[in-house]
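The lines below spell out each chain.
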Amino acid sequence: MPGMFLLNVFHAVSSGSSGEVWIPILVVILVLLAIGLLGYCTLSKSKCTDHSRCTDQAVRPETLSQKAQSSMPCCVVLCVLFVDTGSALVSRPRRAMLAVLFAGLLMQTVIAAEDMFANEGDSVVLQCDVTYEPSKSLYWEIVQRHEGHNIQILIKDPDRGAYIPERRYQDRLSLVDGNNLQISNISRDDDSVSSRDPDVLGTYRCTQGRVGKEWTLGIRHRPDPPTEMRVYDIHPYSFEVSFTQGDDGGFNQTPYVRVRLAGGKERTFTDYTIQDGEVSFHIEDHIIHPNTSYSVCTGAVNSLGSSPRVWTTVTTDVLSSFNVSLRLVNEPYISHDPSADKNKNLLERVRHLTKNMVLVVWPGHRISPPEVLFFWPSDGEASSVIVDLRVTAGKRDVSRVKEALRAAVRNGRLSVYHVDSHYIRFDGGVPPVPVPQPTVDGLKTKEVVWISLACAALVVVTVVLVVWCIRCGRIGYKRLDPSNSSISNVPPPTSGYFESEDFKRLAEKVEEEKIVFVYGQSGSGKTEAVYKITESFQQKNTSHLTWFVGGTKDDQEGLSEASVVQDLQELAKELEQPWDRDSALADIVFDALVATEIEILLIFDDVQYLSVIPREFLTPHNAMKVIVTTRNSNLHVSGAGPFPSHSMRGFSNEEVIAFMNLTNTYTASEEESRLVELGKHFERLPLGLSLARSHLSAADTSVGRYLTDLRENLDGELDVQLSTPEQKVHKAVALSVNTRMGEMEAKMLQLSGFIMQNNIPIVVLKDAYKRQYGSEPNEDEFIKATKSLSLGKIQEDERSSIRGSIRTLNVHRQTQAALRHMLTETQTREMLEALIKACLVFFSKDTRGLQASFFNARLLPHVESALGQPMIAEIRQDPTFQPALARLYDVIASIYNQRQQPQKANDMTTRAKEICKEICPSTDEVLSWSADGSLCNELVEIGKTRYKNDIYAQQMHCPLLTYANVKVLRSDLHDSARPRLLRTMSKNAKELIPLRQQQRKELIKEGAAYAKDSIQKLFLVELVANVYLTSGQRVFCTADTERLECLENARKDFELSQRLSDQLAKDHDLFILNKMVCRRDGTLRLLQESVDKPPAQQKQDLRAAIEGYQELFQDSTEYYENGILKKTDQDDYHAMVCYQFMVQCYRKLIPLASTDEESQALIDHYNKSADNMVKFAEEYKGYDDEGRVVEVFKSLPDVYMMRGEFLVEMCEQGFKNGSVTAPLEDAKKWFSTVLNLKPTTIQQKARAHLGMANTYLLLYEKGNRKNGELVLDVEPLLNMKRRGKATNLFCAEKELETFMTIVGKLPANKNDLERAKRLNLRIDQHKGKVSVTTAPETHNGGPATRRTVETQMVTSV
């Protein structure tokens, strides 16, 4: 249309007279300018400049189409002008044609893109207004006007259906409601204007012959971190902070400054001013003190969340003093002593002067009124007096303060206060006069000196104690020895790593920068180069922490959030930090890393989306380096970028020859040319060349022959989604596996293709092969073949086993993909079935929280990866595998329950329940059956039918025993004199060897295992009972707001689980562990819930729970799990858990008691139960095959904590503690024990310090109580006889400071923080002159009756 329009204009010009030709030419120029203006508006449109208006659709800035429409009147005027001016040149019909054509051009021009906004991580739907024709292809594309072409991102083909040609959009695009485009998991790279990816920079539209509406997509996100932060104008009580705000992410952002004191106190400031784009804060608060260091962080918050914080440290100015002498006229001298009665009137006038000096002389400065020192007679001025004042200000401000005072005096601004403008002296020598010996509250100078020396000595002792606590690790984070400490999970590089020029440039970049992005296509050697850099980093820094974060379930997705959480949890455990809080995990780990005071290197491997990396780790820090490897060449300029980056481009021809000659010698020029040809074949990328080099070494063949074999293999069917280098690597892997590996080694390696690529336990691959193919594989031969062909890396993992280590395998993602690609569907199913069988053995339920949890944590991502394979849906239809899959889902759910992740647990239990209902549809009718046992008997009959071929049932004959299992068997078989059998099983537990058939037969003979006919009856009943038990236990890790609605479902689940177990015991005399555990950890725990219960009902339920636990403790029944004895009548763990729950019940009952006598009786019961709880917890230990203790109960610190906290609580409330004669001293012992235990976590240490603070405070208050009067001394150290009591107060304050130091950077329990505030308030009271009258004391130091408890607490707190 524009071409036809210009053709008509040309015709009109050529037919006019020469004198009038310029008129249409001018009109054409004006029209083209108007069209260009509209086009510019369309192309240069950016995100809203006023983001506050973007948040409301009603007040959003005008869209591009509205801008174009607002320009329409101007274009219409130009159109009319053109037609009118052309009337003399063009005939009427032609003028009409031109007007129509020009109007059409204008209409086409004003169709501008419509705005669409979405939040980062959400989904958005773009409407397609094109009338769809099923016989033609419909395209969704990105209009790239800056590049001059469009990118098709989704094609709806009549034959193929909808498919996505662009890999970056895989699994993110779909068509909804017809042909509307839905984009999921929106990122900032999808933004039409500000995307860093040039392939995405443009508008979205659908086309099918006709072009549809264009959409301009804007992405809102959390604010970017502030930049150019600076702290200035630092005074003793204030300072200024300024910075430039980052991108607000599309919403109003609120900047803030947070100031934190070393003791944990902090303030957040939100009052600010903005000038020239710089945000400024004036920081002044009561927590700001002179000569004190503070941590200052800046950030911003919008409706989507907070930006990464930027930290710095500031030290306030120290106070400094100077003396100044002023002369007051018309004020006669009386005496030099300001405190003399006869100087009373003069002193009042001088104080009035000093008070106003602050406002007149130093406005805006926080300076206290000067101190009045002495009065002196003025020489030659009988009616005048000289006043000596002491002015205190910041050391940096002293000169300015002096100059301001001098100017105020000279300018006469203080004349109104009778100050002589001609007299001012700074630090001038004042004539000495006899001064009486000073006293302090009646004490002579000599006495004050001795008291000062005593105070100084006490301070020195305190400093020594605090330093000792820090060095002993009792305060704050885990501090690694800066001289020789190391934590690492990074595998070593390949032996004889070849350092190319590409690698050397990367090493220099990492040395210079704090954060480096390493990008390159798959196989370019990114990860291996990082391994080598890590090795150099470790050698350079004797004390170091190097941590590798990697792993994915999807090749296209790259590093997943689940893998990041998993690896950060492992790091948190190494740093002795809380690891079970996903929401705060990144903050916890980051702050702990900063506190380690050693050199740190973190690696995030194969990152495709920047959002998976917590933003804290993308903020540069002095002691931390971060390396990010990625296949996305634009990742380093996204998010808060740009970041320093390096591109891995592969080897040069010379480096290819040198690399290949590391293991072989190729001297002939012909062979070297072949090596160059081989390098070209693999595009000179290290992965392909490593495979080639290893193959050539193993096969002893020529380079030419190897190239021929590769090219012959390439003639087969290829995956169209793979790039050419990836296809060649796949064929190289296939060639090595098929020609250089034995059948056993090849199948074991192929098994690794279906689980996570890192830290694959070889023992699992070995067991999977054995169960699927029937023969025992040679682990050493497998490792030798895998290493020699460069198909994987082998390393020792010492964290997955309590004693010793296990060997693990790391496989490159391309190698894994190639291994899967080699298999047919039948072979793929064989592999997954083998892995399921192995996982059933090694991935077991941990009912005791000990050894199994170590290995389960390692296996969890691998099991989830295997169960996430598409073929699993087909395997699930096979009845022989249904119970096995239900069991694996149940174990995963139990792990998530232990980790306090109820939503993930619910997803797994839902899948397990669905399978149970498929096995036995009656399971779904929970309320339709009663105690007649119909469901149990139905499951027994189904089990008998399925037993022979059922995978789960067969696995129950050869389970993996742990030290805890062997301990139970040891107590049962002790009288049978079976030491050899017990030693063998202990050794198997250590080396992760499943129970053998002969060993099981011996256990059956001794009555420690069920026989085959019993397994037939119980395996399905036990499975369903376990699934519903796990489902019910999810209620105990849900939030309080959700717990009420989950309680009813939990009751139903526990009821079904309990009835199945009871009926199995009643009808078939089979006692499964679930029968006891469901009651102990299920129904009786529900009775302790107080949600929506009146007090009377709470008391009744708690007493019923106590009776239930007493019955369970006395229960001598032997219980079995998976057919193996798991609980006997001499079970320390079971006894400890029963007493632990009884202790909890008694503690909840005490506040509900109606009389003091009832309360005291409950306290006595509590103390007896608590003593037994501690006894059994300390006795519970795991032993290896040599009789050494290898594990203890991991909750032992919590047991000690419960004991100490209860003693403190009862003393605080004034109750007697029965047989406990010195409860506060005992409480100190329990808390000290917690602090000295090695497996204590940082949270447990914090609680112990809080308990110690409370204990010391109670000891101090008990010592100061006389005749019901609590005497609170202002200066207890002045009386040396009361030194011990004052020390208790001092220790209480120090322990409380330690607690605040620890929780200052950790998410703390709300109740603990409130308790700490109350203790701090009580300590502050004792420092002041306050007297509190209370009831007469008991021997524990509390009020005598419960009625006075409220009075005591209110008065004290």
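What you see is a predicted model, and the numbers here were worked out from it, not measured in a lab.

Caption draft 1: Fine view of the overall build of the chain. Helix and strand counts for the chain come out as 44 helices and 39 strands. Looking at the chain as a whole, 53% of its 1357 residues are labelled buried. At a minimum sequence separation of 6, the contacts of the chain that also span at least 24 residues come to 71%. Per element, the accessible surface of the chain, about 60700 Å² overall, is 50% carbon and sulfur.

Caption draft 2: Focus on the sheet that holds strand β31 (residues 793–797). Taken together, three strands build an open sheet; the order of strands is β30-β32-β31 and the sheet is antiparallel. At either margin of the open sheet sits one strand with a lone partner, and together these are β30 (760–761) and β31. Relative to strand β32 (residues 806–810), β30 is paired through two bridges, and the arrangement is antiparallel. Following the sheet pairing, I760 is matched in β32 by L809.

Caption draft 3: Spotlight on the packing of helix α10 (residues 501–512) against helix α11 (residues 526–540). Where α10 contacts α11, the axes come no closer than 11 Å and their chain directions differ by 50°. Here α11 runs oblique to α10, going by the angle between their axes. As for how α10 packs across α11, the hand of that crossing is right-handed. In this structure, α10 contributes F503, L506, A507, V510 and E511 to the contact, and α11 contributes A529, K532, I533 and K540.

Caption draft 4: A look at the state of the cysteines. The full count for this structure, using the stated rule, is one disulfide. Each disulfide pairs two cysteine sulfurs, and for C128 the partner residue is C206, the sulfurs being separated by 2.1 Å. What sets the handedness of the C128 and C206 disulfide is the S-S torsion sign, and at about 95° it is right-handed. Separated by 78 residues along the polypeptide, C128 in the loop between β2 (124–126) and β3 (138–144) and C206 in strand β8 (residues 203–208) bring together distant segments of the chain. Considered together, C128 and C206 belong to a single accessibility category, that of buried residues.

Caption draft 5: Local environment of helix α40 (residues 1223–1236). Compared with the 20 Å implied by 1.5 Å per residue over 14 residues, the 20 Å span of α40 between its first and last C-alpha is a close match. Here α40 has its buried residues at P1223, L1224, A1227, K1228, W1230, F1231, V1234 and L1235. Viewed along the axis of α40, the buried residues span an arc of 165°, placing them on a single side of the element. Against α38 (1156–1179), α39 (1196–1213) and α41 (1242–1263) lie the buried residues of α40.

Caption draft 6: Highlighting the packing of aromatic side chains. Per the counting criterion, the structure on display carries 24 aromatic pairs. Taken together, a centroid distance of 6.4 Å and an interplanar angle of 55° make the contact between Y952 and F1019 tilted. In this pair, Y952 is assigned in helix α29 (residues 951–955) and F1019 in helix α33 (residues 1012–1033), connecting sequence segments 67 residues apart. Joined through ring pairs, the aromatic side chains of F243, Y272 and F281 make up one cluster. Here the basic side chain of K156 rests over the ring of Y132, its NZ or CZ set 4.4 Å away from the ring centre. Note that K1229 overlies the ring of W1230, its terminal NZ or CZ placed 4.4 Å from the centroid.

Caption draft 7: Just the side chain of S522, in detail. As for its position among the elements, S522 is in the loop between β25 (515–519) and α11. Residue classification places S522 among the buried positions, given a relative accessible area of 7%. At 2.6 Å, the side chain of S522 and the side chain of R813 are in polar contact. Side chain to side chain, S522 and Q814 meet in a polar contact 2.6 Å long.

Caption draft 8: Examining the sheet that holds strand β11 (residues 227–232) more closely. Read from one edge of the open sheet, four strands run β11-β12-β16-β15, paired in antiparallel fashion. Looking at which strands have only one partner, the edges of the open sheet turn out to be β11 and β15 (273–275). Within this sheet the neighbouring strands show an average axis-to-axis angle of 20°, counted without direction. Examined bridge by bridge, β11 and strand β12 (residues 238–244) share four bridges and lie antiparallel to one another. Bridge pairing links T227 to T244 in β12.

Caption draft 9: Summary view of the pattern of salt bridges. Applying the stated criterion across every chain yields a total of 50 salt bridges. Between D317 and R396 there is a salt bridge whose closest N-O contact spans 4.0 Å. Of this pair, D317 sits in the loop between β19 (310–315) and β20 (319–328) while R396 sits in the loop between β22 (381–394) and α8 (398–410), and the two are 79 residues apart along the sequence. Residue class for D317 comes out buried when judged on its relative accessible area of 4%. R1247 is paired through a salt bridge with E1205; the nearest N and O atoms lie 2.8 Å apart.

Caption draft 10: Expanded view of the environment of A1135. The topology assignment puts A1135 in helix α37 (residues 1132–1149). Judged by relative accessible area, which is 4%, A1135 ranks as buried. Sequence separation between A1135 and K1175 is 40 residues, and the spatial gap between their C-alpha atoms is 9.6 Å. Discounting chain neighbours no more than four positions away, the residues touching A1135 are F1113 and F1176.

Caption draft 11: Quick look at the packing of helix α26 (residues 882–898) against α33. Where α26 meets α33, the axes come as close as 10 Å, and the angle between the chain directions of the two elements is 30°. Taken together, the axes of α26 and α33 lie roughly parallel to each other. Where α26 crosses over α33, the two elements pack in a sense that is left-handed. Counted together, P883, A886, R887, D890, A893, S894 and N897 of α26 and L1020, L1023, N1026, V1027, T1030 and Q1033 of α33 form the full contact between these two elements.

Caption draft 12: Just the confidence of the model for the chain, in detail. Averaged over every residue, the pLDDT of the chain is 77; the share at 70 or more is 75%. When the criterion is pLDDT under 50, residues 1–22 qualifies, and its contacts beyond four places in sequence or with other chains add up to 24 contacts. In this model residues 1329–1357 is a low-confidence stretch, pLDDT under 50, and it forms 62 contacts with partners more than four residues away in sequence or in other chains.

Caption draft 13: Spotlight on helix α27 (residues 902–919). In a regular helix each residue adds 1.5 Å, so 18 residues correspond to 26 Å; α27 covers 25 Å between its end C-alpha atoms and thus fits that length. The set of residues buried in α27 consists of P902, A905, M908, T909, A912, K913, I915, C916 and I919. The buried residues of α27 occupy an angular sector of 160° when projected down its axis, which confines them to one face.

Caption draft 14: Main features of the environment of G650. For G650, the location among the structural elements is in the loop between β29 (645–647) and α14 (653–660). Considered as a pair, G650 and F682 are 32 residues apart in the sequence and their alpha carbons are 9.8 Å apart. Once you skip the residues sitting within four places of it in the chain, G650 turns out to touch D502, E655, R684, L685 and P686.

Caption draft 15: Expanded view of the environment of H862. Mapped onto the elements of the fold, H862 is located in helix α24 (residues 851–867). The spatial distance from the C-alpha of H862 to the C-alpha of L835 is 9.7 Å, given a sequence separation of 27 residues. What H862 contacts, discounting residues up to four positions off in sequence, is I755, M756, N758, N759, I760 and P761. Only 2.8 Å separates the side chain of H862 from the backbone oxygen of N759, close enough to count as a polar contact.

Caption draft 16: Fine view of the nonpolar core. If you look at the biggest cluster of nonpolar residues, it comprises 131 residues, and the most contacted ones within it are L678 and F843. Residues in contact with F843, not counting those within four places in the same chain, are N856, L859, L860, V863, L888, V891, I892 and I895. Ranked by size, the runner-up nonpolar core spans 79 residues in total, among them L1029, F1036, M1173 and L1258.

Scoring rules and cut-offs
Residues numbered from 1 in each chain as written. Predicted model: local features only at pLDDT ≥ 70, side-chain atom pairs only at ≥ 80, totals over all residues. Heavy atoms only, no water. Helix = DSSP H or I, 4+ residues; strand = E, 2+ residues; numbered from the N terminus. Buried < 20%, exposed > 50% of the residue type's maximum accessible area, 1.4 Å probe, protein only. Contact = heavy atoms within 4.5 Å. Areas by Shrake-Rupley, 256 points an atom, 1.4 Å probe, with all protein chains shown as cover. Pairing = 2+ DSSP bridges. Axes fitted to C-alpha atoms, helices over the stretch in contact; angles between N-to-C directions. Parallel < 35°, antiparallel > 145°, perpendicular 65-115°, else oblique. Left-handed = near helix turned anticlockwise from the far one by under 90°. Disulfide = S-S within 2.5 Å. Expected span 1.5 Å × (residues − 1). Arc of directions from axis to C-beta. Phe/Tyr/Trp six-rings, centres within 6.5 Å; stacked < 30°, edge-to-face > 60°. Lys NZ or Arg CZ within 6 Å of the ring centre and 35° of its normal. Polar contact = N/O pair within 3.5 Å; in protein donor to acceptor, adjacent residues only side chain to side chain. Salt bridge = Lys/Arg side-chain N within 4 Å of Asp/Glu carboxyl O. pLDDT = per-residue confidence, 0-100. Core = buried A, V, L, I, M, F, W, Y, C linked by side-chain atoms within 4.5 Å.

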